[in-house]
Amino acid sequence: MSTAIEELLWTEKYRPRSLKEIVNQKEIVERLSKFVAEKNMPHLLFAGPPGTGKTTAAHALAHDLYGDNYTQYMLELNASDERGIDTIREKVKEFARSKTPPDIPFKIVLLDEADNMTADAQQALRRLMELYSANTRFILAANFPSKIIDPIQSRCAFFRFTPLGKDDVVGRLRYIAEKENVKYDEDALEAIYDISEGDMRKAINILQTAASLGKVDVDSVYKVVGMARPKDIREMVEEALKGDFTGARELLRKVMIEYGLSGEDVVRQIHRELFSNDLKIPEELRVMIADYLGEIHYRIVEGSDDDIQLSAFLAWLAMMSKRVGAATT
Ligand SMILES: Nc1ncnc2c1ncn2[C@@H]1O[C@H](COP(=O)(O)OP(=O)(O)OP(=O)(O)O)[C@@H](O)[C@H]1O
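Residues numbered from 1 in each chain as written. Predicted model: local features only at pLDDT ≥ 70, side-chain atom pairs only at ≥ 80, totals over all residues.

A.B. asks: Any details on the overall build of the protein chain? Residues and values, ideally.
C.D. replies: Across its full length, the protein chain carries 16 helices and five strands. At a minimum sequence separation of 6, the contacts of the protein chain that also span at least 24 residues come to 75%. (Helix = DSSP H or I, 4+ residues; strand = E, 2+ residues; numbered from the N terminus. Contact = placed C-beta atoms within 7 Å.)

Spelled out as structure tokens, the structure:
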């Protein structure tokens with residue numbers, strides 16, 4: 001990757017180079033550091049959601065093993081990009097023949113998105129792993145480990161990466177914002193965490209896009225991701241639950257126009273708010289709303305009119321709250 005892109009993209013600029021710079025994932029970092037100390041390791045399977053540090057950890061491990069010029073001892077392949085197992089086989093064969101590191105008996109093949117390979121391709125991969133195991137170790141990265149065939153799973157040490165917590169994400173965003181001289185509101189960083197759901201890549205990208213517009217505040221954050229502020233969505237639902245259908249419908253039109261949301265976007269955001277702690281409603285009502293919202297979502301996806309469906313939803317909320325006798329508290 002060129003230096004220009006590394007400088008431009010904050011996810012690259014602030015990608016941890018060494019294991020000790022990785023945020024959280026403590027147990028993983030400890031186990032990997034042991035491999036570095038022992039200069040030995042088995043094949044590895046890194047599993048977990050996007051943006052939690054799988055690729056970063058593989059590079060950091062190679063960096064700590066081989067030093068700054070580690071890339072000559074590491075082959076990175078993306079299972080979805082490479083044209084089938086034959087291409088992978090050719091590349092691995094060539095790589096296995098190339099220069100070996102001075103005092104470590106193996107090189108590393110990183111295979112990203114391994115769970116996108118068919119079961120047949122994975123069988124071929126398994127044979128490849130065995131064939132070159134004398135001087136090569138494979139690191140497989142996957143979002144869904146259940147899609148990796150058992151014979152491969154049993155040959156790898158398993159590492160589960162978990163979504164990063166609020167303190168970790170907000171702390172990292174604060175660190176980057178300070179380094180980049182970005183003006184920000186603390187609650188904007190928390191909003192970025194809420195949207196990212198523990199995906200650090202997504203969080204850093206939102207910060208960078210919002211910062212390009214000026215000060216990072218809650219409004220600019222929701223604007224760049226094309227979402228309404230949760231508060232606006234909650235107010236709309238609460239208004240309907242108070243029985244004020246007309247008021248709720250006005251708020252609906254406002255969020256759709258102001259934020260340029262589609263009907264499906266609005267349904268997704270209502271769904272999100274339904275399970276947040278900020279919407280205080282009785283459990284019985286929450287269950288009914290979740291059920292009916294699923295129906296509305298289906299109708300919109302099938303091509304029904306956004307406005308008619310969402311108006312019907314708000315009307316239903318207004319009627320339901322009366323029947324259950326439950327206005328918001
Ligand atoms: N644990 C972490 N500590 C610090 N930064 C992180 C961490 N995890 C992710 N990041 C940041 O997010 C970016 C993306 O992370 P990475 O490529 O490692 O994700 P991944 O888990 O491999 O995701 P994918 O499954 O999409 O490939 C990194 O460049 C880095 O800036």
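A.B. asks: With reference to specific residues and values, describe the site of the ligand.
C.D. replies: Neighbouring the ligand are 24 residues; V23, P50, G53, T55 and T56 lie closest to it. Among the elements of the structure, α2 (10-13), α4 (54-66) and α10 (200-211) are those that each provide at least two residues to the shell around the ligand. Counted by class, the shell around the ligand contains nine nonpolar, nine polar and six charged residues. (Near = placed C-beta within 6 Å. Nonpolar A, V, L, I, M, F, W, Y, C, P; charged D, E, K, R; others polar.)

A.B. asks: Give a description of the environment of E21 that names residues and reports values.
C.D. replies: For E21, the position within the fold is in the loop between α2 and α3 (26-38). The exposure class of E21 is partly exposed, given the 13 C-beta atoms found within 10 Å. (Buried ≥ 20, exposed ≤ 12 C-beta atoms within 10 Å, placed from the backbone.)

A.B. asks: Any details on the pairing of strand β1 (residues 43-47)? Residues and values, ideally.
C.D. replies: Most of β1 is tucked away, with four of its five residues classed as buried. Sheet analysis places β1 next to strand β5 (residues 156-160), joined by five bridges and oriented parallel. Each bridged residue has a counterpart across the sheet, and for F46 the counterpart in β5 is F159. Two elements, β1 and strand β4 (residues 136-142), share four bridges in a ladder whose sense is parallel. Bridge pairing links A47 to A142 in β4. (Pairing = 2+ DSSP bridges.)

A.B. asks: I'd like to hear about the nonpolar core, residue by residue, with values.
C.D. replies: Counting residues in each nonpolar core, the largest one holds 44 residues, and the members touching the most others are I192, A203, L207 and V221. Ranked by residues supplied to this core, first place goes to α10 with seven residues. Each of domain 2 (166-225) and domain 3 (230-321) gives at least three residues to this core. Counting 41 residues, the second largest nonpolar core, distinct from the first, contains A57, I85, V92 and L110. (Core = buried A, V, L, I, M, F, W, Y, C linked by C-beta atoms within 7 Å. Domains from an automatic or database assignment.)

A.B. asks: If you had to explain the sheet that holds strand β2 (residues 74-78) to someone new, which residues and values would you point to?
C.D. replies: A sheet is described by the order of its strands in space; here five strands give the open sequence β2-β3-β4-β1-β5, paired in parallel fashion. Of all the strands in the sheet, just β2 and β5 have a single pairing partner and so form its edges. Averaged over neighbouring strand pairs, the angle between their axes works out to 15° when direction is ignored. Across five bridges, the pairing between β2 and strand β3 (residues 107-112) is parallel. Across the sheet, residue M74 finds its bridge partner in β3, namely I108. Its contacts with the sheet put helix α5 (residues 84-97) on β2, β3 and β4, and the angle it makes with β2 is roughly 175°. (Axes fitted to C-alpha atoms, helices over the stretch in contact; angles between N-to-C directions.)

A.B. asks: Account for helix α13 (residues 245-259), with residues named and values stated.
C.D. replies: Between its first and last C-alpha atoms α13 spans 21 Å; for 15 residues at 1.5 Å apiece the expected length is 21 Å, and the two agree. Those residues of α13 that fall on the buried side of the exposure criterion are A248, L251, L252 and V255. Along the axis of α13, the buried residues cluster in a sector spanning 105°; they form a single face. Turned more than 90 degrees away from the buried face of α13 sit T246, E250, I257 and E258, all of them exposed. At the exit of α13 stands G260, carrying a positive phi of roughly 65°. (Expected span 1.5 Å × (residues − 1). Arc of directions from axis to C-beta.)

A.B. asks: Report on the UniProt feature "binding site: ATP" (unreviewed entry) in the protein chain, specifying residues and quantitative values.
C.D. replies: Here the UniProt-annotated "binding site: ATP" (unreviewed entry) positions come out as G48, P49, P50, G51, T52, G53, K54 and T55. As for its placement among the helices and strands, P49 is situated in the loop between β1 and α4. If we skip the residues at most four places from it in the chain, P49 touches N143, P163 and D199. Within the secondary structure, T52 is located in the loop between β1 and α4. (UniProt positions renumbered as here; feature names shortened; annotations may be inferred.)

A.B. asks: So what about the packing of α10 against helix α11 (residues 218-225)? Which residues, and what values?
C.D. replies: As a packed pair, α10 and α11 sit with axes 9 Å apart at the nearest point and diverge in direction by 110°. By the angle between their axes, α10 is roughly perpendicular relative to α11. Seen from α10, the contacting residues are I206, T209 and A210; seen from α11, they are S220, V221, V224 and V225. Taken together, the residues of the contact of α10 with α11 sort by class into five nonpolar, two polar and no charged. (Parallel < 35°, antiparallel > 145°, perpendicular 65-115°, else oblique.)

A.B. asks: Break down α4 for me, citing the residues and quoting the values.
C.D. replies: Here α4 is 13 residues long and its end C-alpha atoms lie 18 Å apart, about the 18 Å a rise of 1.5 Å per residue gives. Residues of α4 that are buried include every one of K54, T56, A57, A58, H59, A60, L61, A62, H63, L65 and Y66, and no others. Where α4 is buried, its residues touch α3, β1, β2, β3 and β4. Of the residues flanking the end of α4, it is G67, one or two places downstream, whose phi is positive at about 95°.

A.B. asks: Give a description of unusual backbone geometry that names residues and reports values.
C.D. replies: In this model, E113 sits at a positive phi of 55°, which is unusual for a non-glycine residue. Positionally, E113 belongs in the loop between β3 and α6 (119-131). Taking the C-beta count within 10 Å as the criterion, E113 has 16 such neighbours and is therefore assigned partly exposed. Phi angles above zero are rare outside glycine, and N181 is one such case at about 55°. Considering the arrangement of structural elements, one finds N181 in the loop between α8 (166-179) and α9 (186-196).

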